[in-house]
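# Fold and contact review
Next come the chains, spelled out residue by residue.
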Amino acid sequence: MKKLPVLSALAVAVGLSGISTVQANNYQMLVPFPTNHALNDIAHLFVEMVDERFDGRYQISLVGEDAIPGFEQFDPVSSGVFPMALSTGPYHTGVTGVGLAADAIDADPEARRESGIWEAYQDYYLTHNVRMISFPSANPGYHFMLTDPIGDDGGFEGRIIRGTLTYHGPIRAFGGSPAVMPVSEIYTAAERGVIEGAGHNIFGNHQIGLHEVLPYLVRPGFGVTSLMVVFNEDYWAEIPEEDQATFLEIGRELEDASLAHYDRLIAEETELMEEVGAELTYLGEEQQQVLDQAFADGLWEEAIRISGSPAERMRELAREAGLTP
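Fair warning: this is a prediction, and the values are worked out from it, not measured in the lab. (Residues numbered from 1 in each chain as written. Predicted model: local features only at pLDDT ≥ 70, side-chain atom pairs only at ≥ 80, totals over all residues. Heavy atoms only, no water.)

## With respect to the overall build of the protein
A tally of regular secondary structure across the protein gives 11 helices and 13 strands. C-alpha atoms of the protein, sized along the principal axes, occupy 60 × 45 × 30 Å. Counting every position in the protein, which comprises 325 residues, the buried fraction comes to 56%. Look at the contacts in the protein between residues 6 or more apart in sequence, and 75% of them connect residues 24 or more apart. Total accessible area on the protein stands at roughly 13900 Å², and carbon and sulfur atoms take up 47% of it. Side chains of the protein give 18 positive and 50 negative charges; the mean places of these two sets differ by 6 Å. (Helix = DSSP H or I, 4+ residues; strand = E, 2+ residues; numbered from the N terminus. Buried < 20%, exposed > 50% of the residue type's maximum accessible area, 1.4 Å probe, protein only. Contact = heavy atoms within 4.5 Å. Areas by Shrake-Rupley, 256 points an atom, 1.4 Å probe, with all protein chains shown as cover. Lys, Arg positive; Asp, Glu negative; His and termini not counted. Charge placed at Lys NZ, Arg CZ, Asp CG, Glu CD.)

## Here we look at the pattern of salt bridges
Side chains carrying opposite charge are able to pair once their charged atoms draw close together. One pass over the full model with this rule turns up 10 salt bridges. The residue Arg53 makes a salt bridge to Glu249 at a minimum N-O spacing of 2.7 Å. On the criterion of sequence distance, the pair formed by Arg53 in helix α2 (residues 40-54) and Glu249 in helix α9 (residues 241-275) is long-range, its members being 196 residues apart. The partner of Glu253 in a salt bridge is Arg53, and the shortest N-O contact between them spans 3.0 Å. Taken as a pair, Glu253 in helix α9 and Arg53 in helix α2 lie far apart in primary sequence, 200 residues in all. Judged by its relative accessible area of 37%, Glu253 is partly exposed. Overall, the relative accessible area of 35% leaves Arg53 in the partly exposed class. Here the salt bridges share partners, and the residues they tie into one network are Glu110, Arg113, Arg252, Glu255 and Asp256. (Salt bridge = Lys/Arg side-chain N within 4 Å of Asp/Glu carboxyl O.)

## A closer look at a negative patch on the surface
A grouping of Glu268, Glu271, Glu274, Glu275 and Glu279 is seen on the molecular surface, where their side chains present a negatively charged patch. Element by element, the count of residues in the negative patch is highest for α9, at 4 residues. Here Glu275 lies in helix α9. (Patch = residues over 30% accessible without salt bridge, like charges linked within 9 Å, V, L, I, M, F, W, Y side chains within 5 Å.)

## Digging into α2
Helical geometry note: an α-helix holds 3.6 residues per turn, so side chains three or four residues apart project in the same direction. The first and last C-alpha atoms of α2 sit 21 Å apart over 15 residues, in line with the 21 Å expected at 1.5 Å per residue. Considered for burial, the residues of α2 that qualify are Asn40, Ile42, Ala43, Phe46, Val47, Met49, Val50 and Phe54. The elements touched by buried residues of α2 are β1 (26-30), β2 (59-63), β3 (84-87), β4 (130-134), β12 (228-232) and α9. In the stretch just after α2, Asp55 is the one whose phi turns positive, near 55°. (Expected span 1.5 Å × (residues − 1).)

## Structural notes on the pairing of β4
When you tally the buried positions in β4, you get 5 out of 5 residues, the bulk of the element. Pairing of β4 with β12, which is carried by 4 bridges, proceeds in the antiparallel orientation. Looking at β12, one finds that Arg131 is bridged to Phe231. (Pairing = 2+ DSSP bridges.)

## Looking at α9
Compared with an ideal rise of 1.5 Å per residue, which puts 35 residues at 51 Å, α9 spans 51 Å between its outermost C-alpha atoms and is within 8% of the ideal. Looking at the residues trailing α9, positive phi occurs at Gly277, about 110°.

## A few points about the side chain of His128
Take His128: it is sitting in the loop between α5 (117-126) and β4. Classification of His128 as buried rests on a relative accessible area of 19%. Of note is the side chain of His128, whose polar atom sits 3.3 Å from the side chain of Tyr124. When neighbours within four sequence positions are excluded, His128 is seen to be in contact with Phe74, Ser78, Val95 and Thr96. (Polar contact = N/O pair within 3.5 Å; in protein donor to acceptor, adjacent residues only side chain to side chain.)

## Here's the deal with the nonpolar core
Ranked by size, the top nonpolar core spans 49 residues in total, and within it Tyr121, Phe144, Phe156 and Trp300 carry the most contacts. Of all the elements in the fold, those that place two or more residues in this core are α3 (74-78), α5, β4, β6 (142-146), β10 (216-219), β12, α10 (285-307) and α11 (309-320). Filtering out sequence-adjacent residues up to four positions away, Tyr121 remains in contact with Val98, Gly99, Ala101, Ala102, Ile105, Met132, Phe135, Met228 and Met314. With 33 residues, the next largest nonpolar core counts Phe33, Leu86, Trp236 and Leu254 among its residues. (Core = buried A, V, L, I, M, F, W, Y, C linked by side-chain atoms within 4.5 Å.)

Here it is, written out as structure tokens:
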């Protein structure tokens, strides 16, 4: 396959001109989140680790959703228009549902590797000409925020709750109705009474002010926010084997670093939001007992609907290893 030079590809993507050459070790890395989103932290940490370990021989610059919309970034990496990306399964369900289900798999990096899950995901994505080199995550990854506390029903009975496919399982299981909208619309929708709650990452809420309109933080949190650092396979093949090994070492270290980073961030943000009036509210005991199952079932069912047997095989492997409900 003939690949476009990376900066030339960027010029095509954003309408620039006059850029046609690039040094061999300079890469653009697509990132699907807004610049102020907490999940961008992993991309920045990866860039820092690469710069330090390679002593500047590999320079990675981040290209955001202003160049390529987040939900459209997988194909440019698969086809080789861009060499690499920070990706997440819910953002490329138009291509495959297998990545979506990763959020239902235990986040323990060592368990993912020893069980064969890590290798199975890498092998699967290679069928799309994309090589996963790291599987960073946050655990728990998600929670709900509400305009009013949990009531006697113990769940969301009669409430309209914002949520992408990731959240539909527990929303429906607990009596709510899901409303799909981007993160950028949550604040206004809650302010206007269009929604009465929202599912979102359990971190990154304070900086975008969601606690101002959704002041009740539902506990417990649930699920895993799984990310992937991926290379286009053709670009990867051009990297010397010794450097490939170093990239994979960085990828493994990133998996531990991401869990520690988001543990700190969750604690810090929860404290900040409580200081300005947010309150914790708890699902009923019955709902808590089925929360993980409802979440996992929703993701796996959707993954299998989209991708069929590859998703079914991944679920069997995860269940055999005891890493998914």
